[in-house]
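Architecture and fold: a report
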Amino acid sequence: SFGTVIGPTTVLLVLCRFGNGLGLPAKGTMPNSLLADYYPPETRGAVYADHSNAVQLGAIFGPAVAGGIGALFGWRAAFMILFVPILIVTFVASRLKEPVRGATDDPSAALEVAQEPARFRESLRVLWNVKTLKRQYTGALFFGAGLIPLAGYLPLYLDEVYHLGPGWRGLIGAGNAVFTLVGVNYGGKWTATWFGKDM
């Protein structure tokens, strides 16, 4: 995000945004795994719901704030100001204690803490040998290549076709997230009720 602000050329801007996008696929899998290692099974439902709601609230306020800042001071100012919460969250997250993998499900796993963690290359080799995961990873490349650019195309479309400035585009993004938040929360309740009646 900081590189996006200071990038003097289009090539560096594209590289910074591409690098930022590389982290997007991990934002679903990593938090879910860590939350399972931090919280016992009986509280996980509420924890996952809180995490999901927090992500959606961020998706509501983030575009609205960024759009407002962009409308008033330009797009670079929006990235510069929103870089501050990123630094704060990074600082707080780096201070969290590393959880014992699987200890909330199996307390005896705490005895295996002394065991050396697997190296990245070994883990990659093991995961790549699982055919289902190999297909999933390969498919994710194509899925991401088609889906992630839509995040950039929609604002361009709203700008080019409807001539909406960053403030309005931010409000549209925030409105979209509001409906997503409502839909996910109601959908979760309705799905549980429907499954309770009949599959």
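Quick caveat: nothing in here was measured; it's all calculated off a predicted structure. (Residues numbered from 1 in each chain as written. Predicted model: local features only at pLDDT ≥ 70, side-chain atom pairs only at ≥ 80, totals over all residues. Heavy atoms only, no water.)

**Considerations on the overall build of the protein chain**
For the protein chain, the helix and strand inventory stands at 9 helices and 0 strands. Beginning at the N terminus, the succession of helices and strands in the protein chain can be written as α-α-α-α-α-α-α-α-α. With the C-alpha coordinates of the protein chain rotated into their principal frame, the extents come out at 60 × 50 × 35 Å. Taken over 199 residues, the protein chain has a buried fraction of 13%. Taking the contacts inside the protein chain whose residues are at least 6 apart along the sequence as the reference set, 61% of them involve residues at least 24 apart. (Helix = DSSP H or I, 4+ residues; strand = E, 2+ residues; numbered from the N terminus. Buried < 20%, exposed > 50% of the residue type's maximum accessible area, 1.4 Å probe, protein only. Contact = heavy atoms within 4.5 Å.)

**Some thoughts on the packing of helix α4 (residues 41-73) against helix α9 (residues 166-197)**
Following both chains from N to C, one finds α4 and α9 inclined at 170°, their axes separated by 7 Å at the closest point. Comparing the axis directions of α4 and α9 gives the class roughly antiparallel. Here Ser52, Asn53, Gln56, Leu57, Ala59, Ile60, Pro63, Ala64, Gly67, Gly68, Gly70 and Ala71 of α4 lie close against α9, whose contacting residues are Pro166, Gly167, Gly170, Leu171, Gly173, Ala174, Ala177, Val178, Thr180, Leu181, Val184 and Asn185. (Axes fitted to C-alpha atoms, helices over the stretch in contact; angles between N-to-C directions. Parallel < 35°, antiparallel > 145°, perpendicular 65-115°, else oblique.)

**With respect to a nonpolar patch on the surface**
Among the surface-exposed residues, Phe143, Leu147, Leu150, Tyr153 and Leu156 lie close enough to one another that they form a single nonpolar patch of about 550 Å² accessible area. In terms of residue count, helix α8 (residues 150-162) provides more of the nonpolar patch than any other element does, 3 residues in total. With respect to the helices and strands, the residue leucine 150 is situated in helix α8. (Patch = residues over 30% accessible without salt bridge, like charges linked within 9 Å, V, L, I, M, F, W, Y side chains within 5 Å. Areas by Shrake-Rupley, 256 points an atom, 1.4 Å probe, with all protein chains shown as cover. Salt bridge = Lys/Arg side-chain N within 4 Å of Asp/Glu carboxyl O.)

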